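Structural description and commentary
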Amino acid sequence: MALGTSTGLQTETPFEILGEPVSMKVADIDGDGLTDIVTANRNPQSGGAVSPPPVFALFRNNGGAASFAGATPIAPAGASGGLDLGLVDVNSDGVKDLVAVYNTIGTSSQAALININILGGGYPLSVGDSTVISNNNPTLVAKGNLDGTSSEDVFLAQQLARNACPSDLDASGSVDSTDISFALLEFGFCSGCVADLDGDSNIDSSDISLLLLDLGACP
């Protein structure tokens, strides 16, 4: 993060996230007049035995560039990696709730509404119920006012039907050396990756074996 001044941007302030951020939104989550930060993260890693992996990470602003609290990890049930997020006050309580879009097993994805309950600045944050709102492989989320009411609406971009042959990683109609090369490039821990054919959050010899079994035409 870099603060703007009348002469340009100040030196950036880094924030640590145990994952690879792929989307970020800013909003006043807790109603204290300060902008907070939420990120969606690919390949999230747990920070400890009792800490969930930060599929989504919330940074509360306590009063300036150097006053952000550490990340509060948010991990919907079954989520392996974040894709996108939206911040919407769905219950009109003055607190932004999280519309989370995330990978589940393999290359499937879901969207869920996660209630965030905060009494205000300085009060503890409580992550409430998570309700799945789409199982249709959503990938992106946006908000707006579609019907002109006081309530915010949510828009989800849905991925087209999945390839009937998951081993055809480049959708060329056949499984060949290109698909194997693609998998080798992502070899290792890779939660939610297309080449993770067995859904174990790793690209390894098992995935390569599955590719080899499907070599050839794969409509």
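Structure's up top.
The text that follows walks through the structure, step by step, so that each part is easy to find. Just so you know, these numbers come straight off a predicted model, no measurement behind them.

Tracing the chain through its elements places D204 in the loop between β15 (202–203) and α2 (205–213). Although D204 is buried, it forms no salt bridge, and the closest oppositely charged side chain is R42 at an N-O distance of 14 Å. Dropping the residues within four chain positions of it, D204 is found in contact with F187 and D198.

Most of strand β8 (residues 97–103) sits out of view: seven of its seven residues are buried. With burial as the criterion, each face of β8 is covered, one bearing D97, V99, V101 and N103 and the other bearing L98, A100 and Y102.

Moving on, we get to α2. Residues of α2 that are buried: D207, I208 and L211. Angular distribution of buried residues about the axis of α2 spans 100°; they occupy a single face of the element. The exposed set on the far side of α2, more than 90 degrees from its buried face, consists of S205 and L213. Structurally, α2 contributes buried residues whose contacts are with β13 (174–175), α1 (177–185) and β15.

Turning next to the pattern of salt bridges. Considering all chains together, one arrives at two salt bridges under this definition. Between D84 and K25 there is a salt bridge, with the nearest N and O atoms lying 3.2 Å from each other. Taken together, the residues span a long stretch of sequence, with D84 in strand β7 (residues 81–88) and K25 in strand β3 (residues 20–27) at a distance of 59 residues.

Cut-off values and rules
Residues numbered from 1 in each chain as written. Predicted model: local features only at pLDDT ≥ 70, side-chain atom pairs only at ≥ 80, totals over all residues. Heavy atoms only, no water. Helix = DSSP H or I, 4+ residues; strand = E, 2+ residues; numbered from the N terminus. Buried < 20%, exposed > 50% of the residue type's maximum accessible area, 1.4 Å probe, protein only. Lys, Arg positive; Asp, Glu negative; His and termini not counted. Salt bridge = Lys/Arg side-chain N within 4 Å of Asp/Glu carboxyl O. Contact = heavy atoms within 4.5 Å. Arc of directions from axis to C-beta.

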